[in-house]
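Residues per chain are reported as follows:
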Amino acid sequence: QVQLVESGGGLVQAGGSLRLSCAASGSVGGINVMGWYRQAPGKQRELVATIINGGSTNYADSVKGRFTISRDNTKNTVYLQMNSLKPEDTAVYYCYYKAGWNPNYWGQGTQVTVSS
């Protein structure tokens, strides 16, 4: 079992910044992927960014150049630095963990609201 604890969400004005954190605990190890998905009201959950142990990253086109994902492997923690936030970024952000053929794990979700 893997537990994911998220923090860092909140309310910010357009153009502002937020930094999300997600700490993984439990049966964490080996090659794994951590990242962030988000879900806005009335929309499907979509990938925001992912990162593997070695540092390779993947971003949604909508956030490229604005968001940066990183991780601290010694702490099993993934971060999402969100800059130049737009109202369209408003959503519940979910931390994600995947290792091999094990199940997907999800955080509890943290609300990000960007006001215009």
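Above this text you will find the structure in question.
To start, this report covers the structure provided alongside it. (Residues numbered from 1 in each chain as written. Predicted model: local features only at pLDDT ≥ 70, side-chain atom pairs only at ≥ 80, totals over all residues. Heavy atoms only, no water.)

### Thoughts on the side chain of Arg66
Rule in force here: Strands here are runs of E lasting at least two residues and helices are runs of H or I lasting at least four, both read from the DSSP assignment and numbered beginning at the N terminus. Each residue is placed in one exposure class: buried if its accessible area under a 1.4 Å probe, protein chains only, is under 20% of its type's maximum, exposed if it is over 50%, and partly exposed if it falls in between. Each polar contact in these results corresponds to two N or O atoms within 3.5 Å; when the atoms are within protein, one needs to be able to donate a hydrogen and the other to accept it, and residues that are neighboring in sequence are counted only if both atoms are side-chain atoms. By definition, residues are in contact when any of their heavy atoms lie within 4.5 Å.
Residue position: Arg66 is located in the loop between β6 (57–59) and β7 (67–72). On the basis of relative accessibility, which here comes to 12%, the residue Arg66 falls in the buried class. Only 2.9 Å separates the side chain of Arg66 from the backbone oxygen of Ser62, close enough to count as a polar contact. For Arg66, the side chain forms a polar contact with the side chain of Asp89, separated by 2.8 Å. Look past the residues within four positions of Arg66 in its chain and what remains in contact with it is Gln81, Met82, Asn83, Ser84, Leu85, Lys86 and Asp89.

### Focus: the packing of aromatic side chains
How we decide: Any two of the Phe, Tyr and Trp rings considered here, Trp counted by its six-membered ring, make a pair once their centres fall within 6.5 Å; the pair's planes then place it as stacked at under 30 degrees, edge-to-face at over 60, or tilted in between.
Scanning the model with the defined rule gives 4 aromatic pairs in all. Both rings, one in Tyr37 and one in Tyr96, keep their centres 5.3 Å apart while their planes meet at 55°; by these two values the pair is tilted. Residue Tyr37 is located in strand β4 (residues 33–39), and its partner Tyr96 is located in strand β9 (residues 91–98); the two are separated by 59 residues in the primary sequence. With respect to burial, Tyr37 and Tyr96 carry one shared label: buried.

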